[in-house]
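Here's the letter readout for the chains.
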Amino acid sequence: MNAIDKKILVVHTDWSRAYGGQEIRILTELREIGKLGFATGLIVPEKSELARRGKEEGISVYPVAFKSKFSISSWVALFRVLRKIRPDIVNTHSSEDSWMAGFASRLCGVPLVTRTRHVLAPISSAVSYNIFPHVIFACSEAIRNQLIDQGVKPSRIVVQSTGIDEQRFQFSPGDRKEIRSRYGVGEDDILVGNIAFLRHYKGHPFIINTAASMPEKFKFMIVGGGGELAKLQAMVKAAGIGDRVFFTGHQEQPEKYFSAFDLVFFSSYESEGISQSFIQGLLYGLPVLLCRVPSLLEPLDAVDAYEIIDYNDVESACKALKSLSKKRHRDKEHIAAQRRAIIKKYGLKAMMENILSIYERFGIRRS
């Protein structure tokens, strides 16, 4: 059994160079586990965004390129790091690093190897899932079910969505006034918001096509950066709705923007686990329009005002937004009840308690 005075070392691996919800989850876990007295580390590519941000937060970073399973230099670097730092827990995330770090960690005798599955998408093979990790964290029930359908052993899978910091994400009248004033959105306007990295499966063209068919009092705000920005801006320009659709770029404080919204339009149409920004919006009690994605339907038992549509059904989206706009002034008791229910299942504290319970199951305990 490990003891906390030996500084239990928890290391996460990821091959990605970019930055999105998955990388935010990794940093969140390491940040929180570090507060509990564990040592923390990242095995990631040297020039990745995770490496940069990890160093800024005081997390030890061990560079490994994870070029491919056939890269001898990556294998050599990985084994060298693992033998040097001797982690107690290794948590892998993406395909390449999960295969490589999972295999290497087992060979190096790491006491607990875990893997987090973030997306709802078919896997190429169940072999690595069944052999390398002791535990698989699935970010939704739908992801768990899909893994089981593809041959992953149910006993290895634990459902754990990314926990949201309830103290950070709560309504602020000051933030509402500031953001709406900055973009010229009046209090009589109805601001429909979306916060997400600009990737194809986030479905932002659907929002723009819907905006073009909505009355003038409906304004739309897309918060996030990414490779789809130029394409989306061109769509807005072509539709002649530049005065009603606002792009903010990437924001380090998305909580301010939720306070400014009247409605949330969550347009993702595939691959999603339970998106962090989706849960964040639910903490504000905002009426939400979402596409029919299995993972995203899971929290709705706790939600007071929502509409579900099929992706790219503009007519239904317009009708739903008009209906939801009548529910934006709901009483505080209903919003507070929804917030409590969401926190209980999807809050940051709930996530960390569950993860610690898995550690303890394998004899890794805090003193």
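Read on for an overview of the structure. Note that the coordinates shown come from a computational prediction; the quantities given were computed from them, not determined experimentally.

A word on the packing of helix α3 (residues 72-85) against helix α4 (residues 95-107)
Inference 1: Where α3 meets α4, the closest approach of the two axes is 10 Å, and the angle between their N-to-C directions is 45°. Relative to α4, the element α3 lies oblique. Handedness of the α3/α4 crossing: right-handed. Contacts from S74, W75, L78, F79 and L82 of α3 reach α4 at W99, M100, A101, F103, A104, S105 and L107.
Inference 2: Taken together, the residues of the contact of α3 with α4 sort by class into ten nonpolar, two polar and no charged.

Structural notes on the sheet that holds strand β7 (residues 157-159)
Inference 1: The strand order across the open sheet built from seven strands is β3-β2-β1-β4-β5-β6-β7, with neighbouring strands paired in parallel fashion. In this open sheet, the two strands that pair with only one neighbour each are β3 (60-63) and β7. The average angle at which neighbouring strand axes cross in this sheet is 25°, direction not considered.
Inference 2: Both strand β1 (residues 9-13) and strand β4 (residues 89-92) contribute to a ladder of three bridges, which runs parallel. Considered in β4, the bridge of V10 is made with I89.
Inference 3: The strands touched by α3 within the sheet are β1, β2 (39-44), β3 and β4, with β2 carrying the most contacts at an inclination of about 170°.

A short note on the packing of aromatic side chains
Inference 1: Using the criterion set out here, one finds 16 aromatic pairs in the structure.
Inference 2: Ring centres of W75 and F103 lie 5.8 Å apart, and the angle between their planes is 85°; this geometry places the pair in the edge-to-face category. One end of the pair, W75, is in helix α3; the other, F103, is in helix α4, and 28 residues separate them in sequence.
Inference 3: Classification of F103 by relative accessible area gives partly exposed; the value is 30%.
Inference 4: An aromatic cluster is built from W75, F79, W99, F103 and F132, whose rings are joined through pairwise contacts.
Inference 5: Sitting over the ring of Y19, R53 keeps its end group 3.9 Å from the ring centre.
Inference 6: For R115, the ring lying beneath its charged end belongs to Y129, and the centroid distance is 3.9 Å.

Cut-offs used in this document
Residues numbered from 1 in each chain as written. Predicted model: local features only at pLDDT ≥ 70, side-chain atom pairs only at ≥ 80, totals over all residues. Heavy atoms only, no water. Axes fitted to C-alpha atoms, helices over the stretch in contact; angles between N-to-C directions. Helix = DSSP H or I, 4+ residues; strand = E, 2+ residues; numbered from the N terminus. Parallel < 35°, antiparallel > 145°, perpendicular 65-115°, else oblique. Left-handed = near helix turned anticlockwise from the far one by under 90°. Contact = heavy atoms within 4.5 Å. Nonpolar A, V, L, I, M, F, W, Y, C, P; charged D, E, K, R; others polar. Pairing = 2+ DSSP bridges. Phe/Tyr/Trp six-rings, centres within 6.5 Å; stacked < 30°, edge-to-face > 60°. Buried < 20%, exposed > 50% of the residue type's maximum accessible area, 1.4 Å probe, protein only. Lys NZ or Arg CZ within 6 Å of the ring centre and 35° of its normal.

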